[in-house]
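Here is what each chain is made of, one letter per residue.
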Amino acid sequence: MSEEEDPPEPGLGPMGFGILLGTTALYALYLGVPIASGGPYNMRFLTGPSTFVPIAGYLAIAIILAVWPPTSRWGAGLLIGLGIFTLLGGGICVGNLAQMGGLR
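Treat the numbers as computed from the prediction; the structure is a model and nothing was measured.

Caption draft 1: Spotlight on the packing of aromatic side chains. Under the definition given, this model contains two aromatic pairs. Judged by centre distance (5.7 Å) and plane angle (35°), the ring pair of Tyr30 and Phe85 falls under tilted. Remark: Phe85 occurs in helix H3 (residues 72–100) and Tyr30 occurs in helix H1 (residues 13–36); sequence separation between them is 55 residues. Classification of Tyr30 by relative accessible area gives buried; the value is 17%. Here the aromatic cluster, defined as three or more aromatic residues joined through ring pairs, consists of Tyr27, Tyr30 and Phe85.

Right, dumping it as structure tokens:
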């Protein structure tokens with residue numbers, strides 16, 4: 001083992017923290033805000049094309065952090081968090097549709 005290699009960081013580290021923070025922030029925005037504003041029928045700002053504005057901003061910040069060497073692990077964690085948000089969100093959506101009888 002070479003002396004130049006850094007030992008693994010204990011705990012979450014920057015990548016784990018980015019995953020946790022990114023996934024939590026996206027779910028808080030897309031699930032917490034509609035619930036806090038009185039349900040999906042009272043919410044107008046995350047409908048239509050404006051739904052993708054927060055995702056685009058998040059993605060731009062995550063890519064900038066991922067390509068800048070001092071923050072590359074944190075940015076990679078944010079990108080992984082976006083992937084987890086997308087996969088779990090799709091699973092939740094399909095599960096809700098199946099419960100309502102929308103998938104036959």
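Caption draft 2: Representation of the layout of surface pockets in the model. One number sums up the size of the largest pocket: a volume of about 170 Å³. Tyr27, Tyr30, Leu31, Thr51, Ile55 and Phe85 together form the lining of the largest pocket. The element contributing the most residues to the lining of the largest pocket is H1, with three residues. Grouping the constituent residues of the lining of the largest pocket by class yields five nonpolar, one polar and no charged.

Caption draft 3: Structural view of the environment of Ile19. Among the structural elements, Ile19 can be located in helix H1. Sequence-wise, Ile19 and Ala76 are 57 residues apart; in three dimensions their C-alpha atoms are separated by 8.2 Å. Leave out the neighbours within four places in its chain, and Ile19 touches Gly77, Leu78, Ile80, Gly81 and Ile84.

Rules behind the numbers
Residues numbered from 1 in each chain as written. Predicted model: local features only at pLDDT ≥ 70, side-chain atom pairs only at ≥ 80, totals over all residues. Heavy atoms only, no water. Phe/Tyr/Trp six-rings, centres within 6.5 Å; stacked < 30°, edge-to-face > 60°. Helix = DSSP H or I, 4+ residues; strand = E, 2+ residues; numbered from the N terminus. Buried < 20%, exposed > 50% of the residue type's maximum accessible area, 1.4 Å probe, protein only. 1 Å grid on protein atoms, 1.4 Å probe; cavity = no way out; pocket = protein on both sides within 12 Å on 5 of 7 lines; lining within 4 Å. Points joined across faces, edges and corners; volume = space filled by probe spheres on them. Nonpolar A, V, L, I, M, F, W, Y, C, P; charged D, E, K, R; others polar. Contact = heavy atoms within 4.5 Å.

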